[in-house]
Amino acid sequence: MTFDEFKEKRLGKSYQENATLGKQCVAIVKLFAQEVQGIKLSSFSWSAINWRNTGSPFKWLPFTKMVYSWSWSPKRWDVVFFAPTKANKHWHVAIAWLSTDKELWVIEQNAWKGKWQGKDGDEISIRSYPYKGGRTGDVLWRYTLKQTTSKELYWK
């Protein structure tokens, strides 16, 4: 499946990895990695902050962790990690879709209310995060594929 096929198939819907976890942001990233990149990511241990702390889902896989800087904007397919907020201390993770000179657009789930129900703004959607002081919103770092020959990774 291509990036665009994934986007069209999933937008406006929700995805729940299993019955006990709810419709989390981490679930859509795992689904994306499997369906588009052909990579099975291991458990998030229920939150993006656990992925951030351990990096475990990406160990031994073709990903490189990159600290965010304005000169290295996230690219299509990157898994981006957002800093915690007062409302969400577990962090947030999304898939980079498009980076412009003013903002980063991502595909994400469970971003608006953080209720894990996949509705009322928490369904899979595309949102933009403006650059703030040379940074994209509160993106702290990302995981990017190390090597690929796929044309899909290049901007369209």
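Residues numbered from 1 in each chain as written. Predicted model: local features only at pLDDT ≥ 70, side-chain atom pairs only at ≥ 80, totals over all residues. Heavy atoms only, no water.

A.B. asks: Report on the overall build of the protein, specifying residues and quantitative values.
C.D. replies: Within the protein one finds 3 helices and 7 strands. When its helices and strands are written in sequence order, the protein yields α-α-α-β-β-β-β-β-β-β. The buried share among the 156 residues of the protein stands at 44%. In the protein, the proportion of contacts linking residues at least 24 apart, taken out of those at least 6 apart, comes to 58%. When the accessible area of the protein is evaluated, it comes to approximately 8,400 Å², of which 54% is carbon and sulfur surface. (Helix = DSSP H or I, 4+ residues; strand = E, 2+ residues; numbered from the N terminus. Buried < 20%, exposed > 50% of the residue type's maximum accessible area, 1.4 Å probe, protein only. Contact = heavy atoms within 4.5 Å. Areas by Shrake-Rupley, 256 points an atom, 1.4 Å probe, with all protein chains shown as cover.)

A.B. asks: How would you explain helix α1 (residues 3–10) if you had to name every residue and give the values?
C.D. replies: Among all positions of α1, only F3, F6, K7 and R10 are buried. One side of α1 holds all its buried residues, which, seen down the axis, span an arc of 100°. Just downstream of α1 lies G12, where phi reads positive at about 85°. (Arc of directions from axis to C-beta.)

A.B. asks: Before we move on, can you summarise the pattern of salt bridges with the specific residues and values?
C.D. replies: Applying the stated rule across the entire model yields 5 salt bridges. A salt bridge links R10 to E35; its shortest N-O distance comes to 2.9 Å. Here the residue R10 occupies a position in helix α1, and E35 occupies one in helix α2 (residues 25–37), the gap between them amounting to 25 residues. On the basis of relative accessible area, E35 is assigned to the partly exposed category, the value being 24%. (Salt bridge = Lys/Arg side-chain N within 4 Å of Asp/Glu carboxyl O.)

A.B. asks: Let's hear about the nonpolar core: which residues, and what values?
C.D. replies: Formed by 28 residues in total, the largest nonpolar core has its most connected members in V29, L41, F58, V79, F81 and V93. When contributions to this core are tallied by element, the ones reaching two or more residues are α1, α2, α3 (48–54), β2 (79–82), β3 (92–99) and β7 (139–145). The dominant element in this core, judged by the number of residues it contributes, is α2, at 8 residues. In this structure, V80, F82, A96 and Y129 belong to the second largest nonpolar core, which totals 7 residues. (Core = buried A, V, L, I, M, F, W, Y, C linked by side-chain atoms within 4.5 Å.)

A.B. asks: Can you explain the confidence of the model for the protein? Please cite residues and give values.
C.D. replies: Close inspection of predicted coordinates is inappropriate in any region flagged by low pLDDT. Averaged over every residue, the pLDDT of the protein is 77; residues scoring 70 or more account for 69%. Taken element by element, the predicted model of the protein shows its lowest mean pLDDT in strand β6 (residues 135–136) (56) and its highest in α1 (94). Note on residues 149–156: pLDDT is under 50 here. Beyond four places in sequence and across chains, it has 18 contacts. (pLDDT = per-residue confidence, 0-100.)

A.B. asks: Please provide a residue-by-residue account of the pairing of β2, values included.
C.D. replies: Consecutive residues of a regular strand have side chains that alternate between opposite faces of the sheet. Every second residue of β2 is oriented toward a common face, with V79 and F81 on one face and V80 and F82 on the other, all of them buried. For β2 and β3, the ladder comprises 4 bridges, and the chain directions are antiparallel. Opposite F82, over in β3, you have H92 as the bridge partner. (Pairing = 2+ DSSP bridges.)

A.B. asks: Give me the lowdown on the pairing of strand β4 (residues 103–108), citing residues and values where you can.
C.D. replies: In this structure, β3 lies alongside β4, joined through 4 bridges in antiparallel fashion. Bridge pairing links S99 to L104 in β4. The hairpin turn running from β3 into β4, its antiparallel successor, is 3 residues long.

A.B. asks: Describe in detail the packing of α1 against α2, supporting the description with residues and values.
C.D. replies: The N-to-C vectors of α1 and α2 enclose an angle of 135°; their axes lie 10 Å apart at closest approach. As summarised for this structure, α1 and α2 are arranged oblique, according to the angle between their axes. Between α1 and α2 lies a crossing whose hand is right-handed. Here α1 contributes F3, F6, K9 and R10 to the contact with α2, which in turn contributes I28, L31, F32, E35 and V36. Residues that form the contact of α1 with α2 fall into these classes: 6 nonpolar, no polar and 3 charged. (Axes fitted to C-alpha atoms, helices over the stretch in contact; angles between N-to-C directions. Parallel < 35°, antiparallel > 145°, perpendicular 65-115°, else oblique. Left-handed = near helix turned anticlockwise from the far one by under 90°. Nonpolar A, V, L, I, M, F, W, Y, C, P; charged D, E, K, R; others polar.)

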